[in-house]
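Okay, here's what each chain looks like letter by letter:
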Amino acid sequence: MAGVVTVRLPDGSTRELAEGTTALHLAESIGPRLAKAAVAATVDGAEVDLSAEVPDGSTVSVVTAESDAGRNVIRHSTAHVLAQAVLRLWPGAYFAIGPVIEDGFYYDFELPGGAHFSDDDLGRIEATMREIMKEDQPFVRHEHSIQDGLTLFEDQPFKREIIEAVGVGANEIDAAPGDESAPEVSTYWNSPVFADLCRGPHVPSTGRLGFFTLMRVAGAYWRGDEKRQQLQRIYGTAWESEKALAAYLHRLKEAERRDHRKLGAELDLFSFPEEIGSGLPVFHPKGGTVRRLMEEYSRTQHVAAGYEFVNTPHISKAELFETSGHLSWFVDGIFPPMELDGGQQYYLKPMNCPFHILIFKSRQRSYRELPIRMFEFGSVYRYEKSGVVHGLTRVRGMTQDDAHIFCTREQMPSELFTTLTFVLSLLRDFGLEDFFLELSTRPEGKAVGTQEEWDEATDALRSTAEKMDLDLVLDEGGGAFYGPKISVQARDAIGRTHQMSTIQLDFQLPQRFDMEYVGTDNGRHRPIMIHRALFGSVERFFAILLEHYAGALPTWLSPEQVRVLPLSDAHQAYADAVEDRLRSLGIRVSLDGADEPLGARIRRAKMTKVPYILVVGDDDVAGGSVGVNRRGSKQPERGVLMESFVDGLTTEIAERGSPEGAGAVPGGGS
RNA sequence: GCCUGGGUAGCUCAGUCGGUAGAGCAACGCAUUCGUAAUGCGUAGGUCAGGAGUUCGAUUCUCCUCCCAGGCUCCA
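Since we're looking at a predicted model, the values are computed, not measured.

> Kindly report on the nonpolar core, identifying the contributing residues and their values.
Counting residues in hydrophobic clusters, the biggest one holds 58 residues, and the most contacted among them are Met294, Leu427, Phe430 and Phe541. When residues in this core are grouped by element, the largest group, 8 residues, is from helix α13 (residues 412-429). If we ignore the near neighbours within four places in the chain, the residues touching Phe541 are Met294, Leu427, Phe430, Leu432, Met500 and Phe535. Membership of the second largest hydrophobic core comes to 50 residues, among which are Ala40, Ala85, Ile132 and Val166.

Listed below in structure tokens is the structure:
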């Protein structure tokens, strides 16, 4: 029955092929270049190997190396080779899972005798992987019943566990995309002695791989569970070409260049003195200035938006956090208590909300007062496990730009709307432009509040979010047990996303603190409570801005806006006058005298990323002008009239611009 | 907290197969007075993260602690 099969291609055309034709043959029949680029195929949407036969009537497309799907195939296959190499070098090792992740892959192992990988092992493993690739071993797929699979991987406990999970129809372990419902497992053999459990597809043979590098070793818990054993994980990256690999490594370098910890030291903004402790930063004068500017701008905007400012202490009696519930569900994040006054326990505050609630409760409230919007730059302390502190983004002491809004149920939708609008506009003022929203809904099982309350609040959040004309991602069941939330995610200059602000409804605290107000009906009602942090923490926001701008902050946020350089001592007096004039306008300006060559002074100023360097010499003294060297520009401008420079500068500051141009992100793109 | 790798001058790093250390930049001093990314010479600067152990002797070897990086877990 040697017949003919007809398949449909993605462009809608159809092709007739001899029965038994593989996806690779199909690619070859379309063109040699396609065949060369092919790494896998999809048949009716499901990914298959190139060696798979294409069935009659199916829609087939070829997956090429230079697509996301193709890269994933390459990465998955490279991970597979990694496992083979490790088993070759450490006979008796157990191998667990080796999924594709963003830009790469990893594989988890348990080495015999409790051995661990060291960084030096990476080179050996990589060399062995290259040997395997050189051997050009084919990846051959086999299907097995659950029982056969268990027998085959008799001495591989992790594989057995995965197979058993497949057996009960709960296969979510292997991160390869695709749906798996058949009670069957598949393996890939690329040598008589090595097989891996894998859904596939894989590249046809190991010779198709090679543009990879192993990045690092790390510990990882089996199935991500802290209570289970820790495995040894190797991370790697793999690409379709040498060029793509190099581009990726370059991107990593770029991110490193922007690292706020590095910039913080280089620009003398902040540091982490060991004497103070892990995760406890100090801000130097320049960093302190930037912080002050951020906070001042934020305060001004909050006043305009109808917030009232409150202040609360950093410690309180234990009972407050018992009432709030923090001591039962957030203990791990709270520093241990101190005992004062004959046994009374005090805690450093991990959150500001209970304090704000007490302000609300300081007297009886009427509906006429609502909404009440309380704002505070509140310093909180959280005990973070030693392994998680990270620069300014994860610290143990931080200042939140924290606000709590207390309103009636009727006011909730409009409050949410104005809050979200406010949040977005403030973030835009700081130069972040690219946002999307995430809506986190009720977690099943353990949630306080009635279903009705949740529905009403979630609907209010959703309709608010939908009015924003931004992408909205649903985080089903991702809300906290005490209420749903919207979080604002921002993409930075090099495309990374950061969770910025959150707007969170709270059904728990008003109840626990028995909050109430008197309504029009003279009855007592419970207010709605909205938690809202905009920067998240000032420290973290600072870090994000620094990385977003690669240290070249917009002029209004620059700790030093202008530096004046007299060409020689003869121009000192004029330079002083220029400096005084700018300072009188509130410009942050400094002067670097002529006891070093101009080039050296220019260089030093450039390295601190001052927006404007003014060089003044004879011509300028004579003509009342300045030589303007603008950050980001190669060509200095000579003979700019002082007043014209001042006009341009003050306008730029008022508009929160940068010397590089409106909304410019220096070094962005790359 | 766990895994891997680190901590040498303010910074970036070299070095010591166990005999208490060196460069560049920065700082300071003197000279230099210059038109757009490094002027020259000189000086000073170190409990080699901290503690304990082994040793005649430890920055080096062992153990513990602290801190940092990358992960896991967690999260603003």
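Having seen the model, we can carry on.
> Before we move on, could you go through the environment of Asp455 and cite the residues and values that matter?
Within the element layout of this structure, Asp455 appears in helix α14 (residues 451-466). Judged by its relative accessible area of 36%, Asp455 is partly exposed. Considered as a pair, Asp455 and Arg526 are 71 residues apart in the sequence and their alpha carbons are 17 Å apart.

> If you had to explain the confidence of the model for chain A to someone new, which residues and values would you point to?
Detail in the predicted coordinates should be disregarded across regions flagged by low pLDDT. Per-residue confidence for chain A gives a mean pLDDT of 87; residues scoring 70 or more make up 96%. For the stretch residues 663-670, pLDDT sits under 50, and the model shows 16 contacts to residues farther than four places along the chain or on other chains. Overall fold confidence for the complex sits at a pTM of 0.85, while the interface term, ipTM, reaches 0.88.

> Got a sec to walk through the sheet that holds strand β23 (residues 434-440)? Specific residues and values, please.
Within the open sheet, the 8 strands sit side by side as β16-β21-β22-β29-β26-β25-β23-β24. Their pairing is mixed. Looking along the sheet, the strands with just one partner apiece sit at the ends: β16 (308-309) and β24 (471-475). Judged from the 2 bridges that link them, β16 and strand β21 (residues 372-381) form a sheet pairing that is parallel. Bridge pairing in β21 links Phe309 to Phe375. The strands that helix α9 (residues 285-304) touches are β16, β21, β22 (397-407) and β29 (528-533); relative to β21, the one it contacts most, it runs at about 160°. Strands β21, β22 and β26 (497-506) of the sheet are contacted by helix α16 (residues 538-548), whose axis makes an angle of about 150° with β26.

Calculation criteria
- Residues numbered from 1 in each chain as written.
- Chains lettered and ligands numbered in written order.
- Predicted model: local features only at pLDDT ≥ 70, side-chain atom pairs only at ≥ 80, totals over all residues.
- Heavy atoms only, no water.
- Core = buried A, V, L, I, M, F, W, Y, C linked by side-chain atoms within 4.5 Å.
- Buried < 20%, exposed > 50% of the residue type's maximum accessible area, 1.4 Å probe, protein only.
- Helix = DSSP H or I, 4+ residues; strand = E, 2+ residues; numbered from the N terminus.
- Contact = heavy atoms within 4.5 Å.
- pLDDT = per-residue confidence, 0-100.
- Pairing = 2+ DSSP bridges.
- Axes fitted to C-alpha atoms, helices over the stretch in contact; angles between N-to-C directions.

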